[in-house]
Protein chains: 2
Amino acid sequence: MNTAYADLAARQLRSWRFIHLQSIAQWDQAANMPPAGNEARSLALAELDSLLHGMATDPALPALLAAAEAEPLDALQRANLREIRRAWRSANALPASLVSAKTLANARCEHAWRSQRPANDWAGFAPNLREVLALARQEAECLSQSSGLSRYDALLDLYEPGMRSSEVVRVFGALRTWLPGLIRDVVAHQAAETVVQPVGPFAVDAQKALGRDVMQLLGFNFEAGRLDVSTHPFCGGVPEDVRMTTRYREGDLLQALMGTIHETGHGRYEQGLPRELLGQPVARARSMGLHESQSLSFEMQLGSHPAFAGLLAPLLVKHFGAQPAFEPGNLHRLLTRVSPGLIRVEADEVTYPAHVILRFEIERALIEGEAEVDDVPALWDAGMQDLLGQDTRGNFKDGPMQDIHWPSGAFGYFPCYTLGAMYAAQWFAAMRRERPQLDADIAAGRLGVVFDWLSSHIWQSASRYETPELVQRASGEPLNPAHFEAHLRSRYL
Amino acid sequence: MNTAYADLAARQLRSWRFIHLQSIAQWDQAANMPPAGNEARSLALAELDSLLHGMATDPALPALLAAAEAEPLDALQRANLREIRRAWRSANALPASLVSAKTLANARCEHAWRSQRPANDWAGFAPNLREVLALARQEAECLSQSSGLSRYDALLDLYEPGMRSSEVVRVFGALRTWLPGLIRDVVAHQAAETVVQPVGPFAVDAQKALGRDVMQLLGFNFEAGRLDVSTHPFCGGVPEDVRMTTRYREGDLLQALMGTIHETGHGRYEQGLPRELLGQPVARARSMGLHESQSLSFEMQLGSHPAFAGLLAPLLVKHFGAQPAFEPGNLHRLLTRVSPGLIRVEADEVTYPAHVILRFEIERALIEGEAEVDDVPALWDAGMQDLLGQDTRGNFKDGPMQDIHWPSGAFGYFPCYTLGAMYAAQWFAAMRRERPQLDADIAAGRLGVVFDWLSSHIWQSASRYETPELVQRASGEPLNPAHFEAHLRSRYL
C-alpha cells in the first residue's frame, strides 16, 4: 500500500488546480486586464500565493515524505516523489521572516530600479541592490544547508535541477576560449554581405495572421492554446491550455515573427508534456534551461536554419506581398545578422552567450562573497571589453542595470539561457546523427521529424530525470559545448 | 472591541480574493478558453469551490457570528454582519450529501437536456427533471427550516433577499389583470405601423466599434473593464474589473447592440458599487432582481426611449453609413416592436412578463408540492393560451423545455426578471418626479442625470438594505406595478 505516497500525490494535484488558476490569472493580468484592475488582482494573487505556501509548508509533510520513501513505488512514482521532496525542500528551507524580508526588499529595489535605470542612477540603485544581495546570500545559505550544495549551486538548482556551477564553469570556460574570436570572425565575414531590409509599415492584424500561420506550420495546437498580445512576450497557461503572447510594432516585422517562433517552442514543450500523471511534479517541464532549449530549438536551430527561410518566405509574401527582402537567401541573412552590442535582450545568437557568461561570473562571485555590489561596475566594464569589445564605462543603464533579474532578487537564473542554447545545438546534432537527411527534411517542410524527436526525447520525459541524466539519455552524452561551437561555425562562417 | 466582527470581516475579504480569481477564470472559460482546456479548468474551478465551501462552513463561524452580533457595531457593519449571516445560513443549511446529490442530478439532467430539447423528447426529460425537482424540494425544505420561510420563499430569498412570494403574487396578480389585454391592444396598434428593416450585412468589427461607442455614451469605464465575445452574453469579473461579453451576427445589428446596452447596465452597477468595504458582502450588488433592474434601466427605460433613438442614429450612421432604417423614428419603432411568441429569451418588453408569470406559477406549485412534473405540459399549454394566446400543445422544446433554469435545478430565479423590469419602471418614475425635464435631458444627451440618480439611489447602497427597504428608500414607496403599467402604456400605445 502506498498510502503516504497517495496522500502526497493528492495534495500535489490539489495545488496544481490552484496553480492553474494562478497561471490563467497572471496571463490575464498581462494580456487583458484594464489598469484599474491591478490592485485587486495583485491582492487576489497574493492570497493564492499564501494558500499555496501554506500547503507547501504543511507540518504533516515531513512525516508523509519519510513514509512514502519507505513505500514500494515504481520508477515513475519514485521520480515524482523525488520532485515532491525537492519542492518541499525549497519551500521549507527559508524561515518566514526571510521570505517576507526578501519580498519587501526585492519589491522596493525593483520598483525604484524602474525609474533609476533610465536615469542611469547607479548610486541610487546600489544601496537597494546591496540589501537584495544580502538577503539572496541568506537565502543561498539556507538552501545550501538544506540541500548540501554550495551557495550558488543551491540557487542554480532552483532553476536547473541537478546542474552544478562546476559544470557551468566547465562549459562556459570552453565557450570563453573561442567565442570572442568567433564573434570577430563572423563580423568580418558578414561585413561584405549585402542585406536588404524589409520595407514597412507592416499592419498589426497582418502580423498576427502571419504569426498564426507560422505557429500552424510549427505544429502548435490551437485547440489547446491561444496567441495574444502583451508588453513582455511570454508563454503561460497550463499544458492543456497554453497562453502565448507576443508584441507587434508596425515598423519591425521580424521581431514579432521570431518572438512568436521562440514562444511556440515553449508552447509546444508544454503541450507535449505527458498526460500520464498530469498535475504531478514529475509531469511538468524539467527546468528553465530545458525550456529555453525548446524555444531556441524553434527560434535558432529551426527558425533561423537556411532552409527554413524557404518555408517562411511564401508566408511573408502571402501576408505582405512580395518584396526583395523576402527572397529566402536575403531573409536568412537578415535572421543571422551578428552585431556586438550592449543589450542582452537585443543580442543575436552568436553574441548572446557572451552577455550570459559575464552575468554568471559576476553573480556567482556576488553570491559566494567573492565580490560586492560596489565591484560590479568594474567587473562589468572589464568583462564587456574582454568578451564583446564594448566600452561600458559610466553607462550603468545599458550595463549592470539593464536586466530585471538582480533588482528582483533572481540570482542563478542567467546560465539557463546559454545552457538552453547549448542543449538545443546538442539535440540537433543528435537528430542529425540519427537522420543525416535532416536538412533536406527541413527544406521540404517535413518538420514533423524534428517535433517527433523533441517529443520522444524531451517533452515526454518531463521531469522524470534530473537535467544531466535527461541530456545523457536524449543525446547519448553529457552536455558538450562542442556542438554549440560547431553549430555557430557552420551557420555563421 | 469588535474582535469577532473583525475576524469575520477578514475571512470575508479572504474569500473575496478567491472569488475574484473564480470570476476571472469563469469569464476566461466563456470568452477565451480553447476547447481542450475545459476539463482542467472545470477541475480547477471545482477545487476552488471546495475551498470556498470549506471556508463558508468553517465550524468556528457560528460562535464568531454570535459573538459579533453582541459587539457594538455601526449601522454599516451591522448590515454587513446581517449579510455574512445570510451567506452562512445558505451555505450551511444543506447537508453535504444533499449538495453532492444535487450537483450530480442537476448535471445529469442538464447534460441530457441539451440533446433532449432539440429532439422534443419530453418523455426522456421528465424522469431526470423529477429527480432534480425531488432534490430541489429537499433543498427548499432545509432552507425553509433554517430561515423560517416557506419553501418557495426560501429559494426565492437566495436570489432576491427579502422578497416573498406573497409579494410576487400581489404584483404579478396585478400584471395578469391588464397584461393580456395590453398585448392585444399594442399588437393591434402596431399593425398599421410601417417599419423599415436595416439592410446588412453588418461587419463584426464595425459592430464591436459601435458597441464600444455606445458603452462610452453610457459611461462605462474602460479603465476598469472590457468588452469581449462569448456564446452567451453576460457581465462577469469584479467591480474593479468588469468583464462584459456580447455576441455578433453579421445579419442582425440590433441584437448585439441592445445586448451590449443591457450588459452595460449590469456593468455600471458593478463599477458603481461603493469602494468603502469593498470585498465585504454589504458592498456587493444587492440581488438578481436589482441587477436586472439596472440592465433593464439601460436597455428598456433608456435604450428604447424614443429620444435615445436620436442619440443612437448618428452612431449607426458613423459605423455603417446612412440607410432609411436608421432614421430615429423608424429606429425607435424597430426597438419597440411587439410580437407574442413561444420563446422567452426572444420576447419583447411587453410580452416578456407573461413568460415569467407562467414560469413563476408553475415552479412555485412544483416546489410547494401542489403540482408534479407530469402536470407541467398541461399547465404550460393553458398558461400560454391564456397569457399570450399561443398554442404550445406537443411542442415541448419551445415550451417547458426551453430554459436551462429547471434542468439545472434553479427554481426561484425566474421572478427576478420581471421584478427587475418593474423596479426599473419605478426608478424612472421617481426620477421624473424629481426632474420633470428628464425626457428632454435624454434627448439632449444629458445622460449623467440618469446615471447620477442610479448611482446615488441604487449602486452606492449596494447590499446595505434588503430589497424591499432599498425600493422604499430609492423611490419613496414599496414595489408598485402601476409604474410598469404606466411605462408600457405610454411607450407602446
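What counts and how
- Residues numbered from 1 in each chain as written.
- Chains lettered and ligands numbered in written order.
- Predicted model: local features only at pLDDT ≥ 70, side-chain atom pairs only at ≥ 80, totals over all residues.
- Heavy atoms only, no water.
- UniProt positions renumbered as here; feature names shortened; annotations may be inferred.
- Least-squares fit on C-alpha atoms with pLDDT ≥ 70 in both.
- Salt bridge = Lys/Arg side-chain N within 4 Å of Asp/Glu carboxyl O.
- Helix = DSSP H or I, 4+ residues; strand = E, 2+ residues; numbered from the N terminus.
- Buried < 20%, exposed > 50% of the residue type's maximum accessible area, 1.4 Å probe, protein only.
- Expected span 1.5 Å × (residues − 1).
- Arc of directions from axis to C-beta.
- Contact = heavy atoms within 4.5 Å.
- Axes fitted to C-alpha atoms, helices over the stretch in contact; angles between N-to-C directions.
- Parallel < 35°, antiparallel > 145°, perpendicular 65-115°, else oblique.
- Left-handed = near helix turned anticlockwise from the far one by under 90°.
- Nonpolar A, V, L, I, M, F, W, Y, C, P; charged D, E, K, R; others polar.
- Buried area = accessible area lost by both parts, 1.4 Å probe.
- Polar contact = N/O pair within 3.5 Å; in protein donor to acceptor, adjacent residues only side chain to side chain.
- Pairing = 2+ DSSP bridges.
- pLDDT = per-residue confidence, 0-100.
- Phe/Tyr/Trp six-rings, centres within 6.5 Å; stacked < 30°, edge-to-face > 60°.
- Domains from an automatic or database assignment.

Per an unreviewed UniProt entry, the recorded name for chain A is Metal-dependent carboxypeptidase, and the organism is Roseateles paludis. UniProt lists a comment for chain A under the heading Function (unreviewed entry), and it reads "Broad specificity carboxypetidase that releases amino acids sequentially from the C-terminus, including neutral, aromatic, polar and basic residues."

(A) Region of the structure containing the relation of the copies chain B and chain A. Overlaying chain B with chain A gives an RMSD of 0.1 Å, the required rotation being 180 degrees about an axis along which the chain moves by 0.0 Å. Such values leave the two copies arranged in the relation of a two-fold axis.

(B) Structural detail: the pattern of salt bridges. Residues and elements named next belong to chain A. The final tally for this structure, using the stated rule, is 72 salt bridges over all chains. Of the charged contacts, one joins R170 and E167 as a salt bridge, the two residues approaching to 2.8 Å between their closest N and O atoms. Residue R170 and its partner E167 are both found in helix α8 (residues 165-191); the two are separated by 3 residues, about one turn of the helix. With a relative accessible area of 41%, R170 lands in the partly exposed category. Overall, the relative accessible area of 22% leaves E167 in the partly exposed class. Across the salt bridge formed by E361 and R176, the nearest N and O atoms sit 2.7 Å from each other. You can see E361 sitting in helix α14 (residues 352-367) and its partner R176 sitting in helix α8, a full 185 residues away along the chain. You can call R176 partly exposed: its relative accessible area is 26%. The network of salt bridges with common partners includes R82, E83, R86, D157, R164, R286 and E466.

(C) How the structure looks around helix α5 (residues 96-116) of chain A. Residue and element names in this part refer to chain A. Across its 21 residues, α5 extends 30 Å between first and last C-alpha, which sits within 8% of the 30 Å expected from 1.5 Å per residue. Listed in full, the buried residues belonging to α5 are L98, K102, A105, N106, C109, A112, W113 and Q116. Looking straight down α5, one finds that the buried residues subtend no more than 145 degrees of arc, so they occupy a single side. α5 presents A96, T103, L104 and H111 as exposed residues on the side facing more than 90 degrees away from its buried surface. Contacts from the buried residues of α5 go to α6 (122-147).

(D) Representation of the packing of helix α5 (residues 96-116) of chain B against helix α6 (residues 122-147) of chain B within the structure. Residue and element names in this part refer to chain B. Contact geometry of α5 with α6 gives a least axis separation of 9 Å together with a crossing angle of 150 degrees. In terms of orientation, α5 and α6 fall into the roughly antiparallel class. Crossing of α5 over α6 shows left-handed handedness. For the pair formed by α5 and α6, the contact residues are L98, A101, K102, A105, N106, R108, C109, A112, W113 and Q116 on the first element and G124, F125, N128, L129, E131, V132, L135, Q138, E139 and C142 on the second. Residue classes in the contact of α5 with α6 are distributed as 11 nonpolar, 5 polar and 4 charged.

(E) Region of the structure containing the environment of B:H355. Residues and elements named next belong to chain B. With respect to the element layout, H355 can be found in helix α14 (residues 352-367). Along the sequence, H355 and F414 sit 59 residues apart, while their C-alpha atoms lie 9.3 Å from each other. Once residues lying within four places of it in the same chain are set aside, the contact partners of H355 are G341, L342, I343, R344, A347, M384 and L388.

(F) Quick peek at the interface of chain B and chain A. At the interface, 32 residues of chain B touch 32 residues of chain A. Summed over both partners, the interface of chain B with chain A comes to about 2800 Å²; 62% of that surface belongs to carbon and sulfur atoms. Among the residues chain B hides against chain A, the three largest losses belong to B:R17, B:L21 and B:E47. Together they make up 20% of the total. The tally of links between chain B and chain A comes to 6 salt bridges. Notably, a salt bridge pairs A:R243 with B:D28, separated by 2.8 Å at the nearest N-O pair. At the surface where chain B touches chain A, the tally comes to 12 residue pairs in polar contact (both at pLDDT 80 or more). Sorting the residues of the side of chain B that touches chain A by element identifies α1 (3-31), α2 (38-56), β1 (225-229) and β3 (241-246) of chain B as the ones contributing at least two each. Its residues assigned to classes, the side of chain B that touches chain A shows 18 nonpolar, 4 polar and 10 charged.

(G) Layout of helix α16 (residues 415-434) of chain A. Taking 1.5 Å as the rise per residue, α16(A) with 20 residues should run 28 Å; its terminal C-alpha atoms sit 29 Å apart, in good agreement. The buried fraction of α16(A) amounts to 16 of the 20 residues, a majority that puts the element mostly inside the structure.

(H) Looking closely at the environment of B:Q77. Structurally, B:Q77 is set in helix α4 (residues 75-92). Excluding anything up to four places from it in sequence, B:Q77 contacts B:N2 and B:Y5.

(I) Here's a closer look at the pairing of strand β3 (residues 241-246) of chain A. All names here are of chain A. For β3, a buried count of 6 out of 6 residues is recorded, marking the element as mostly surrounded by other parts of the structure. On β3, burial covers both faces: D241, R243 and T245 on one face and V242, M244 and T246 on the other are all buried. Bridge count for strand β1 (residues 225-229) against β3 is 5 bridges, and the pairing is parallel. Looking at β3, one finds that R226 is bridged to R243. Sheet topology note: the strand β2 (residues 235-238)/β3 ladder contains 4 bridges and is antiparallel. Following the sheet pairing, C235 is matched in β3 by M244. Connecting β2 to the next strand, β3, in antiparallel fashion are 2 residues.

(J) A look at the sheet that holds strand β2 (residues 235-238) of chain B. All names here are of chain B. Read from one edge of the open sheet, 3 strands run β1-β3-β2, paired in mixed fashion. The sheet terminates laterally at β1 and β2, the two strands that pair on one side only. If you compare each strand with its neighbour and ignore which way they point, the axes differ by 20 degrees on average.

(K) Highlighting the sheet that holds β3(A). Residues and elements named next belong to chain A. Ordered by their spatial adjacency, 3 strands build an open sheet running β1-β3-β2, and the pairing between neighbours is mixed. Two strands in the sheet have a free side with no partner beyond their single neighbour: β1 and β2. Geometrically, the sheet is characterised by an average inter-axis angle of 20 degrees between neighbouring strands, direction not taken into account.

(L) Local environment of unusual backbone geometry. Residue and element names in this part refer to chain A. Note that the residue after G200, namely P201, is joined by a cis bond; omega there is 0 degrees. A positive phi is found at N120, a non-glycine position, where the angle reads about 55 degrees. Residue placement: N120 occurs in the loop between α5 and α6. For N120, a relative accessible area of 25% translates into the label partly exposed.

(M) How the structure looks around the confidence of the model for chain A. Averaged over every residue, the pLDDT of chain A is 96; residues scoring 70 or more account for 100%. Complex prediction metrics read pTM 0.93 and ipTM 0.93.

(N) Region of the structure containing the packing of aromatic side chains. Counted according to the given criterion, the structure contains 34 aromatic pairs over all chains. Where A:W380 meets A:W406, the ring centres are 6.2 Å apart and the plane angle is 85 degrees; that geometry is what we call edge-to-face. Placement of the pair is A:W380 in helix α15 (residues 376-388) and A:W406 in the loop between α15 and α16, with a sequence separation of 26 residues. Considered together, A:W380 and A:W406 belong to a single accessibility category, that of buried residues. Each ring, one from B:F414 and one from B:Y417, has its centre 6.3 Å from the other, and the planes form 45 degrees; the classification is tilted. Accessibility classification places B:F414 together with B:Y417 in one group, the buried group. Each member of the aromatic cluster is reached from another via a ring pair, and the members are A:Y159, A:Y352, A:W380, A:W406, A:F411, A:Y413, A:F414 and A:Y417.

(O) Structural view of the domain arrangement of chain A. Residues and elements named next belong to chain A. According to the domain assignment, chain A consists of domain 1 (1-92) and domain 2 (148-217 + 270-493). Taking only C-alpha atoms into account, the centre of domain 1 sits 30 Å from that of domain 2. Each side of the interface is counted separately: domain 1 has 14 residues, and domain 2 has 16 residues. Both sides together, the interface formed by domain 1 and domain 2 hides about 1300 Å², and carbon and sulfur atoms give 56% of it. A per-residue breakdown of the area domain 1 buries against domain 2 is headed by W16, L76 and R86, which together make up 41% of the total. Our count for the contact surface shared by domain 1 and domain 2 stands at 3 salt bridges. Between E83 and R286 there is a salt bridge, and its shortest N-O distance comes to 3.0 Å. Inspection of the domain 1/domain 2 interface yields 8 residue pairs in polar contact (both at pLDDT 80 or more). Within the residue set of the side of domain 1 that touches domain 2, elements represented by two or more residues are α1 (3-31) and α4 (75-92). Among the elements that line the side of domain 1 that touches domain 2, the one with the most residues is α4, at 9 residues. The class makeup of the residues in the side of domain 1 that touches domain 2 is 8 nonpolar, 3 polar and 3 charged.

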